[in-house]
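For reference, the chains in residue letters:
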Amino acid sequence: MLFRFSLHPLLVATGLLLTLPAQAQAPAPAAILSPPTFYTTYRYTAYTVYDTTSLDPPTLVGGVSGTLTLRPAGTYEKRLTIPGNDGPMLFRQDGTFTLADDSISFAFEDKKGADVQRGTFRFDPATRHLTITILGYPTGNRGVYELEATEPIAPAPIPRPKAHGKRRP
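Bear in mind that the values here come from a model prediction, so they are computed numbers and not experimental data.

Before going further, it helps to examine the overall build of the protein chain. Scanning the protein chain for helices and strands turns up 3 helices and 9 strands. Secondary structure of the protein chain in N-to-C order comes out as α-α-α-β-β-β-β-β-β-β-β-β. In the protein chain, of all internal contacts separated by at least 6 residues, the share reaching a separation of at least 24 is 47%. Just so you have it, the protein chain exposes about 11,400 Å², and 58% of that area is on carbon and sulfur atoms.

Structural data, given as structure tokens:
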């Protein structure tokens, strides 16, 4: 069963979703994943380019590697390597992401300044497989990334109250 969920982008981006008191949160719908399930580091396994300006079939780019880390506070780290004719192309992005229904956007800064990439995603919690489609130009072009989750990010430890009482010698 493929899973789609909706979080208000402002809550995700600011981390407010995780800091609300338990009594202020409505019961979570069955479709909402716990952070360790979705928010984790993924390994890139495939990249396919769809070019509507060409009659050629979609191009499956071989040799793609790297990781994408998605954090509950709405930040991400992308370390992607794609083979190119003149050697590997390295993509290193750190930024923020937002989710709404099945839409995802990545905001980051690079040598050219601020940029945003938009697209859609599908996550299958049973297989921990994530598919991200980034929309391209001209309209209709797109890149489809296939990723597999590695280890889940462990939730932050809950501080224990200090014990008060007599100390033993």
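Turning our attention to the confidence of the model for the protein chain. On average, residues of the protein chain carry a pLDDT of 79, and 68% of them reach 70 or more. Low pLDDT, under 50, characterises residues 1–36; the predicted model gives this stretch 54 contacts beyond four residues in sequence or across chains.

A few words on the pattern of salt bridges. As a working rule, side chains carrying opposite charge can pair if their charged atoms are close by. For the structure on display, the rule yields 4 salt bridges. Where Arg43 meets Glu148, a salt bridge forms, and the shortest distance between an N and an O atom there is 2.6 Å. With Arg43 in strand β1 (residues 40–50) and Glu148 in strand β9 (residues 142–152), this pair connects stretches of sequence that are 105 residues apart. Between Arg71 and Glu77 there is a salt bridge whose closest N-O contact spans 3.0 Å. The class of Arg71 is partly exposed, set by a relative accessible area of 27%. Owing to a relative accessible area of 28%, Glu77 belongs among the partly exposed residues under this scheme. One network of salt bridges, in which partners are shared, links Arg71, Glu77, Arg79 and Asp94.

Alignment of strand β6 (residues 103–110) against strand β7 (residues 113–124), held across 8 bridges, turns out to be antiparallel. Looking at the pairing, Phe106 lines up with Gln117 of β7. Turn length for the β6-β7 hairpin, with the two strands adjacent in sequence and antiparallel, is 2 residues. The sheet contact formed by β7 and strand β8 (residues 129–135) spans 6 bridges and is antiparallel. Opposite Phe123, over in β8, you have Leu130 as the bridge partner. Following β7, the chain reverses through 4 residues before pairing antiparallel with β8; Arg128 in that reversal takes a positive phi of roughly 60 degrees.

Criteria and cut-off values
Residues numbered from 1 in each chain as written. Predicted model: local features only at pLDDT ≥ 70, side-chain atom pairs only at ≥ 80, totals over all residues. Heavy atoms only, no water. Helix = DSSP H or I, 4+ residues; strand = E, 2+ residues; numbered from the N terminus. Contact = heavy atoms within 4.5 Å. Areas by Shrake-Rupley, 256 points an atom, 1.4 Å probe, with all protein chains shown as cover. pLDDT = per-residue confidence, 0-100. Salt bridge = Lys/Arg side-chain N within 4 Å of Asp/Glu carboxyl O. Buried < 20%, exposed > 50% of the residue type's maximum accessible area, 1.4 Å probe, protein only. Pairing = 2+ DSSP bridges.

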